[in-house]
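Topology and contacts: notes
Each chain, letter by letter, is given below.
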Amino acid sequence: MTDRSWQEPNASLFFRIFTCGMYRRSLVRLCLLLCLALSGAGHALAVESPQQKGLTYYGSDPYAALPVARQQGKLLLVEFYAEWNYRSRWMAERVLGNSSVRALIEEHFVAVRVPTDTPDGADLAALYQVTGYPTLVIFSSRGDVLDKIDVTLDADDFTQRIEALLMTLEGKSTWRLRQVYAAAETADPEATDAAVERLLSGMTPAEAAGSVIWPMFENSIVMRYGSVAFDYLVRHVETFRQETGTEAVDNLLTETMYRAMMPYVVGSLPLDSTVARQIILTARQLELPAVLALESMAEVASLRDADDLTHYVARIGLLINLIPEEYQLQLAMALDIVAERGSHTAKQEAAKTVAHIQTTLRSPANIAILEQLILRLK
């Protein structure tokens, strides 16, 4: 009986290939060509799809990264990552690794990746109720949770969500800044301090030193000695000096202290020795050039109630050379007390001092005021 199994097309093909040397050599050449083709295709694919650079992470500890974010004026982005989870890997590679997304994150955030397969990572995941992947949690510089992204987003959707968050935060700051100016316009120091505190509590010192917020500190109602704004500026003076400029910051601090000390010098407020000493101590700690002038102002204020005003007049004469010209008219008017109860010698010296100050003035009205004072001193 004839075996027809060898007559089947497939059987006949395999039989011929494996039994004929020519076909064996053909098969080898075919396999080699196939391998080369696949290798070339793979190489071409690698060239056409360059690898994306991954996101730069500041370690895996959010608590260590938060002060860095605060110092840099950025938010904190924490990626809870699971290597075994496909969506987590996809988000990390295709979204966070996207060049546009990466640039956006690195501009506004300090990023941390928490591997959830470690005990510490698992504890953090449980703390922030991470129940699926991918999960990213965004924190403010104070450590408050601002957003939690626990869905899979492509690069465009992720960018839109981040930009919306940034716009919301910017809008909140703008609204709070308007509240500060509105309170300052009422000349209510308590309401102004409360508005300033609300504004500054939501931002970093670097943000507060920026071009948008800095002009607020130059408002005389906002910036008073002992105010929220003044204390904040003193606490973060090095950041402000770096961001805004040492000269601008030190001039503002000095002017604020002059304004606080001047009422004691001219007698519109009784001397508070404790406050005066604290002003001088603060200026010394900040290494301000105005320390000597502030000390002289405190000494003048302490002599104002003396029975003999000769020393009072002499100290004002010295003080004129230490403070800016805009305060000299006030110093001249402080000598009015000498016209009331000073000795003849004190009045003569006071008249000379007032006349000297008069020569530095440009306003005819102010010159006329000092002319009347000189007549009372004679």
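Refer to the structure presented above.
Structural notes, computed from the coordinates. In this text, all values refer to a predicted model and were calculated from it rather than measured experimentally.

To continue, consider the overall build of the protein. A count of helical and extended segments in the protein gives 20 helices and four strands. Each of the 378 residues in the protein was classed as buried or not, and the buried ones make up 39%. The contacts in the protein between residues at least 6 apart in sequence include a share of 63% that link residues at least 24 apart. If you sum the accessible surface of the protein, you get close to 21400 Å²; carbon and sulfur atoms cover 55% of it.

Right, let's get into the pairing of strand E1 (residues 75-81). Working note: regular strand, side chains alternate between the two faces of the sheet. Across the seven residues of E1, seven count as buried, placing the element largely inside the fold. Alternating positions in E1 separate into two faces, Leu75, Leu77, Glu79 and Tyr81 on one and Leu76, Val78 and Phe80 on the other, with burial throughout. Relative to strand E2 (residues 109-115), E1 runs parallel, the two sharing seven bridges. Residue Leu76 lies in a different strand from E2, and its bridge partner there is Val110.

On inspection of all chains with the given rule, the structure shows ten salt bridges. Measuring nitrogen to oxygen at the nearest pair gives 3.4 Å for the salt bridge that ties Arg113 to Glu79. With Arg113 in strand E2 and Glu79 in strand E1, this residue pair connects regions lying 34 residues apart in the sequence. On the basis of relative accessible area, Arg113 is assigned to the partly exposed category, the value being 26%. We classify Glu79 as buried; its relative accessible area is 3%. Between Glu255 and Arg259 there is a salt bridge, with its nearest N and O atoms 3.4 Å apart.

Within the fold, Ala65 resides in helix H3 (residues 62-72). Once the C-alpha coordinates of Ala65 and Ala111 are considered, the two residues, 46 residues apart in sequence, prove to be 8.0 Å apart. Not counting chain neighbours up to four residues away, the residues in contact with Ala65 comprise Tyr58, Leu76, Val110 and Val112.

Applying the stated criterion to the full structure yields nine aromatic pairs. Measuring from ring centre to ring centre gives 5.2 Å for Tyr128 and Phe139, while their planes differ by 80°; the resulting arrangement is edge-to-face. Here Phe139 lies in strand E3 (residues 135-139) and Tyr128 lies in the loop between helix H6 (119-127) and E3, a separation of eleven residues in the sequence. Both rings, one in Trp214 and one in Phe217, keep their centres 5.8 Å apart while their planes meet at 25°; by these two values the pair is stacked. A residue pair is termed a helical-turn pair when its members lie 3 or 4 positions apart in one helix, as Trp214 and Phe217 do in helix H10 (residues 214-217) at three residues. Across the pair, exposure class does not vary: Trp214 and Phe217 are buried alike. Taken together, the ring pairs in this structure connect Trp214, Phe217, Tyr232 and Phe240 into an aromatic cluster.

Definitions and limits used
Residues numbered from 1 in each chain as written. Predicted model: local features only at pLDDT ≥ 70, side-chain atom pairs only at ≥ 80, totals over all residues. Heavy atoms only, no water. Helix = DSSP H or I, 4+ residues; strand = E, 2+ residues; numbered from the N terminus. Buried < 20%, exposed > 50% of the residue type's maximum accessible area, 1.4 Å probe, protein only. Contact = heavy atoms within 4.5 Å. Areas by Shrake-Rupley, 256 points an atom, 1.4 Å probe, with all protein chains shown as cover. Pairing = 2+ DSSP bridges. Salt bridge = Lys/Arg side-chain N within 4 Å of Asp/Glu carboxyl O. Phe/Tyr/Trp six-rings, centres within 6.5 Å; stacked < 30°, edge-to-face > 60°.

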